[in-house]
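# A structural walkthrough
Given next are the chains, with one letter for each unit.
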Amino acid sequence: MATRRRRTKEEDPAIEPVVEETLEIEGEVTEEPAASVEALVVTEEAAEELPDFGQGHGALLRTALYRHGRHFLDYLQAAQDELTPENVHQLRVNSRKLSSSLSLLSSLVGRGPVKKVRQKLRKVRRSLGVLRDLQRQLEWLCDEPLLDDYLTERTADLPSVIKKAKKELRGVKPSKLEKRLEMVDALLAGLLGDEQAEESVREVLSRTVWESLLQAMSHADEVDADNSFSYHPLRVAMKTFRYQADLYASAGWETRLQHNDGWAKVKELHDALGHLQDLEVLACHLDFHWVQSPPIRETQARVVNRLLKDRHQALGRIHLQDLDWEKLWDWPQGEIEELLDDEA
């Protein structure tokens, strides 16, 4: 990432507001109260100026990468200080955004420069995975009075899970990650040095995003409606497509997602798949708990019925058959011509 310049008191910053993902609980999209980490990010951007990347699509692309990197590093610092549910959630979200962005840019700079960074980002997500699952389960359980004993049991596990996550997260050094991101930015700057190169860069990135869409389409074909876990590969693939498409659009290039509520449809599918995954993980933990401590049947029935209702609502928001996949992104001209030749 490019080095930031300190802003003087006389300067009047024109910084865009930080927009983060919302959390979805009980099938509804809700905004969580502003946490200390959000104040940290806003303070950082207010106090320091974005690097001057120049003008044009290439400059916007580098700015978008810088923002993703800066947000991740700020949330990493906040999470290393305190593993609140908001810090954990935002760090995982921003690590996925940054990783998907680097995967997209690897089509330009090669896999070597981004490999180590993406490995560290994967390590961050995995180190927080168990903690995030536990935090989401506690959010669900706090509204279920019939599971007070299980809530007490899971709450007792929280300190040890936090301690383990902190230990693993402590091994990730922000300064090293920042230097590697700066190297990726330098390579990107070299490729974009000629204005005429922007069009070829756009074509390469557009095709890479299209390939991530094809991957999601492939996983959609493999979904088994009777097996909720079969939706998980699709969920991961949709994240990659969505975040890569977002980076591409941030460079100022038009996309099909800007029409016919494309962005809203992709986010709706993404959120529904995430909620479904949370329910399945909770159900597995409850199954194990009930094996160890057999429940009263009436209590179990009520809880299972609530889980099934939530699951049904999540599945009701997943309309794979109604999603016009081909219209979510521009297909490369060569691919269109090949399809036409095959049909002929």
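Residues numbered from 1 in each chain as written. Predicted model: local features only at pLDDT ≥ 70, side-chain atom pairs only at ≥ 80, totals over all residues. Heavy atoms only, no water.

## A look at the overall build of the chain
Within the chain, the secondary structure is distributed over 11 helices and four strands. Buried residues in the chain amount to 46% of all 344 residues. Across the chain, contacts joining residues at least 24 apart in sequence account for 80% of those joining residues at least 6 apart. With an accessible surface of roughly 18200 Å², the chain has 50% of that area assigned to carbon and sulfur atoms. (Helix = DSSP H or I, 4+ residues; strand = E, 2+ residues; numbered from the N terminus. Buried < 20%, exposed > 50% of the residue type's maximum accessible area, 1.4 Å probe, protein only. Contact = heavy atoms within 4.5 Å. Areas by Shrake-Rupley, 256 points an atom, 1.4 Å probe, with all protein chains shown as cover.)

## A closer look at the packing of aromatic side chains
Taken as a whole and assessed by the stated rule, the structure comprises five aromatic pairs. Ring centres of Y248 and W253 lie 5.1 Å apart, and the angle between their planes is 40°; on these two criteria the pair is classed as tilted. As far as burial versus exposure is concerned, Y248 and W253 are alike and both buried. Here the basic side chain of R306 rests over the ring of W140, its NZ or CZ set 3.9 Å away from the ring centre. (Phe/Tyr/Trp six-rings, centres within 6.5 Å; stacked < 30°, edge-to-face > 60°. Lys NZ or Arg CZ within 6 Å of the ring centre and 35° of its normal.)

## What to know about helix α5 (residues 148-169)
Spanning 22 residues, α5 covers 31 Å between terminal C-alpha atoms, matching the ideal 32 Å at 1.5 Å per step. By the largest-angle criterion, L158 marks the main kink of α5, which is about 30°, and a proline, P159, follows within four residues. Where α5 is buried, its residues meet α2 (57-81), α3 (85-109), α4 (112-141) and α9 (262-292). (Expected span 1.5 Å × (residues − 1). Bend = angle between axes of the 7 residues up to and from the residue.)

## Considering the nonpolar core
Counting residues in hydrophobic clusters, the biggest one holds 66 residues, and the most contacted among them are F241 and W325. Residues within four places of F241 in sequence aside, it is in contact with V209, S212, L213, L257, V266, L328 and W329. Counting 10 residues, the second largest nonpolar core, distinct from the first, contains Y150, L286, V303 and L307. (Core = buried A, V, L, I, M, F, W, Y, C linked by side-chain atoms within 4.5 Å.)

## Describing a positive patch on the surface
Taken together, K115, K116, K120, K123, K163, K166, K167, R170, K173, K176, K179 and R180 make up a surface patch of like positive charges. If you list the elements that add at least two residues to the positive patch, you get α4, α5 and α6 (174-191). Ranked by the residues each element gives to the positive patch, the list is headed by α4, at four residues. By the element assignment, K163 lies in helix α5. On the basis of relative accessibility, which here comes to 65%, the residue K163 falls in the exposed class. (Patch = residues over 30% accessible without salt bridge, like charges linked within 9 Å, V, L, I, M, F, W, Y side chains within 5 Å. Salt bridge = Lys/Arg side-chain N within 4 Å of Asp/Glu carboxyl O. Lys, Arg positive; Asp, Glu negative; His and termini not counted. Charge placed at Lys NZ, Arg CZ, Asp CG, Glu CD.)

## Some thoughts on the packing of α9 against helix α10 (residues 297-316)
At a minimum axis distance of 9 Å, the contact between α9 and α10 shows a crossing angle of 160°. As summarised for this structure, α9 and α10 are arranged roughly antiparallel, according to the angle between their axes. For the element pair α9 and α10, the recorded crossing hand is left-handed. Contacts between α9 and α10 involve A272, H275, L276, L279, E280, L282, A283, L286 and W290 from the first element and Q300, V303, V304, L307, D310, R311, A314 and L315 from the second. (Axes fitted to C-alpha atoms, helices over the stretch in contact; angles between N-to-C directions. Parallel < 35°, antiparallel > 145°, perpendicular 65-115°, else oblique. Left-handed = near helix turned anticlockwise from the far one by under 90°.)

## A look at the pattern of salt bridges
The tally for this structure, following the rule as stated, stands at 14 salt bridges. A salt bridge links R202 to E199, with the shortest nitrogen-to-oxygen separation between them at 2.9 Å. Here R202 and its partner E199 are both found in helix α7 (residues 197-221), three residues apart, which amounts to about one turn of the helix. A salt bridge links D330 to R256; its shortest N-O distance comes to 2.7 Å.

## Here's the deal with the confidence of the model for the chain
For the chain, per-residue confidence averages 84 on the pLDDT scale, and 83% of positions sit at 70 or higher. The low-confidence segment residues 3-47 (pLDDT under 50) makes 88 contacts with residues lying over four places distant or belonging to another chain. (pLDDT = per-residue confidence, 0-100.)

## Looking at unusual backbone geometry
Leave glycine aside and you will find that most residues have negative phi; peptide bonds, for their part, are mostly trans. Even without a glycine there, the phi angle at N260 is positive, about 55°. Residue position: N260 is located in the loop between α8 (232-250) and α9. We classify N260 as exposed; its relative accessible area is 65%. Phi angles above zero are rare outside glycine, and D261 is one such case at about 55°. Turning to its location among the elements, D261 is positioned in the loop between α8 and α9. For D261, a relative accessible area of 58% gives the class exposed.

## A word on the side chain of Q135
Looking at the element boundaries, Q135 is found in helix α4. On the accessibility criterion, Q135 (6% relative accessible area) is buried. Contacts of Q135, omitting those with residues within four sequence positions, involve L83, T84, P85 and V88.

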